[in-house]
Amino acid sequence: MSGFNIYANIDSAVYKATADITGYDQKTKEAIKSAISAGVDAIRDRAIRAAPAGATGNLKAGIKAEMSKYGASGVIKSTSPHSHIVEFGTGPRITMNRLNSHKKALVINGSFVKGMINNGKMPAKPFMRPAVEAEKPKIEESIKKVLQ
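Calculation rules
- Residues numbered from 1 in each chain as written.
- Predicted model: local features only at pLDDT ≥ 70, side-chain atom pairs only at ≥ 80, totals over all residues.
- Heavy atoms only, no water.
- 1 Å grid on protein atoms, 1.4 Å probe; cavity = no way out; pocket = protein on both sides within 12 Å on 5 of 7 lines; lining within 4 Å.
- Points joined across faces, edges and corners; volume = space filled by probe spheres on them.
- Helix = DSSP H or I, 4+ residues; strand = E, 2+ residues; numbered from the N terminus.
- Nonpolar A, V, L, I, M, F, W, Y, C, P; charged D, E, K, R; others polar.
- Axes fitted to C-alpha atoms, helices over the stretch in contact; angles between N-to-C directions.
- Parallel < 35°, antiparallel > 145°, perpendicular 65-115°, else oblique.
- Left-handed = near helix turned anticlockwise from the far one by under 90°.
- Contact = heavy atoms within 4.5 Å.
- Expected span 1.5 Å × (residues − 1).
- Buried < 20%, exposed > 50% of the residue type's maximum accessible area, 1.4 Å probe, protein only.

Chemist: Any chance you could explain the layout of surface pockets here in plain terms?
Modeler: Any space left empty among the atoms is revealed by the rolling of a water-sized probe across them. Its volume calculated, the largest pocket comes out at about 840 Å³. What lines the largest pocket is a set of 31 residues, and nearest its centre among them are Ile-6, Ala-8, Gly-74, Val-75 and Ile-76. Sorting the residues of the lining of the largest pocket by element identifies α1 (12–19), α2 (26–50), β2 (74–78) and α5 (128–147) as the ones contributing at least two each. Ranked by residue count, the leading element in the lining of the largest pocket is α5, at 6 residues. Tallied by class, residues from the lining of the largest pocket come to 19 nonpolar, 9 polar and 3 charged.

Dropping the structure here:
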């Protein structure tokens, strides 16, 4: 399975407040956990909506959200093995006849092609980073409201 990390880099005051929530009373702890959980779910939902719909639907179906054991952080991940390629795009892609090295040509769409074929670049279609960036201010604001 492929993977990549995109960090939200939340506001330092919010980070300090949520890094160790054990110092808060139970009501505040639950409110912080609830705000974070709602934010994680919002990011997941936005990423699912933004992800390109492929033939199999694996990219959208593979986007999952998890809360940490203590509830003060969450992770949104894509379990689809090609998600990083869609998010970041590719450089030039080259196809050549590797499987049958004794043969001199490839057969593509019924035609013989000699040598290597440059399939070009695949453009990036980000879906995770935009979701994080769009929801981050809302999460920070909801946590600040809890702490006031």
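Chemist: Explain the packing of α2 against α5 to me, please; I cannot follow it from the model alone.
Modeler: Describing two packed helices takes the angle between their axes plus the distance from one axis to the other. With their axes 9 Å apart at the nearest point, α2 and α5 run at an angle of 165° to one another. As summarised for this structure, α2 and α5 are arranged roughly antiparallel, according to the angle between their axes. In the packing of α2 onto α5, the handedness of the crossing is right-handed. Across from Thr-28, Ala-31, Ile-32, Ala-35, Ile-36, Gly-39, Ala-42, Ile-43, Arg-46 and Ala-47 in α2, the residues of α5 making contact are Met-128, Pro-130, Ala-131, Val-132, Ala-134, Glu-135, Lys-138, Ile-139, Ser-142, Ile-143, Val-146 and Leu-147. Across the contact of α2 with α5, the residue classes tally to 16 nonpolar, 3 polar and 3 charged.

Chemist: What exactly am I supposed to notice about α5 here?
Modeler: Helical periodicity: at 3.6 residues per turn, an α-helix aligns residues three or four positions apart in one direction. Helix length check: α5 (20 residues) gives 28 Å between terminal C-alpha atoms against 28 Å at 1.5 Å per residue, within 8%. Every buried residue of α5 is accounted for by Met-128, Ala-131, Val-132, Glu-135, Lys-136, Ile-139, Glu-140 and Ile-143. The secondary structure elements touched by the buried residues of α5 are α1, α2, β2 and α4 (83–88).

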